[in-house]
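One letter stands for each residue in the lines below.
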Amino acid sequence: MVEDYLFINDHFYNSDAKKIIFALSYMQEGEAADWASAVRQEARKQSPPSYGTFVNFRDLFQKNFISVADTADARNQLMRLRQGGSTVDEYNTKFRTLI
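Everything numeric here is computed off the predicted structure, so don't read it as measured data.

(A) Region of the structure containing the pattern of salt bridges. Applying the stated criterion across every chain yields a total of 3 salt bridges. The residue Glu42 makes a salt bridge to Lys45 at a minimum N-O spacing of 3.7 Å. In this pair, Glu42 and Lys45 both sit in helix 3 (residues 30-45), 3 residues apart, roughly one turn of the helix. Given a relative accessible area of 44%, Glu42 falls into the partly exposed group. The shortest N-O distance in the salt bridge between Arg58 and Asp59 comes to 3.5 Å.

(B) Highlighting the nonpolar core. Core analysis: the biggest nonpolar cluster contains 13 residues, and Leu24, Met27, Trp35 and Phe57 have the highest contact counts within it. Discounting residues that sit within four places of it in the chain, Phe57 has contacts with Ile20, Ala23, Leu24, Met27, Trp35 and Val39.

Conventions we followed
Residues numbered from 1 in each chain as written. Predicted model: local features only at pLDDT ≥ 70, side-chain atom pairs only at ≥ 80, totals over all residues. Heavy atoms only, no water. Salt bridge = Lys/Arg side-chain N within 4 Å of Asp/Glu carboxyl O. Helix = DSSP H or I, 4+ residues; strand = E, 2+ residues; numbered from the N terminus. Buried < 20%, exposed > 50% of the residue type's maximum accessible area, 1.4 Å probe, protein only. Core = buried A, V, L, I, M, F, W, Y, C linked by side-chain atoms within 4.5 Å. Contact = heavy atoms within 4.5 Å.

Here it is, written out as structure tokens:
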């Protein structure tokens, strides 16, 4: 969704730094806030300050958060998984999809 917003507002978000700073501005709580702070600090260490490319930022974000979220979601689904009215084969398929 962020990428869509940036795309339709490319007249304003016309540099990688603007795109990254915009995305970081939404990371205000918990692990995301800590991660955003670390990204900002790393960018300011460089002379001149640099956030790198938006593509690299997006990849780093996904590496740090998407796989963690997917794992947690699968774990939660496994804990709630019940056979109920499903056949053993259906239940087994659901189980194997989550692991």
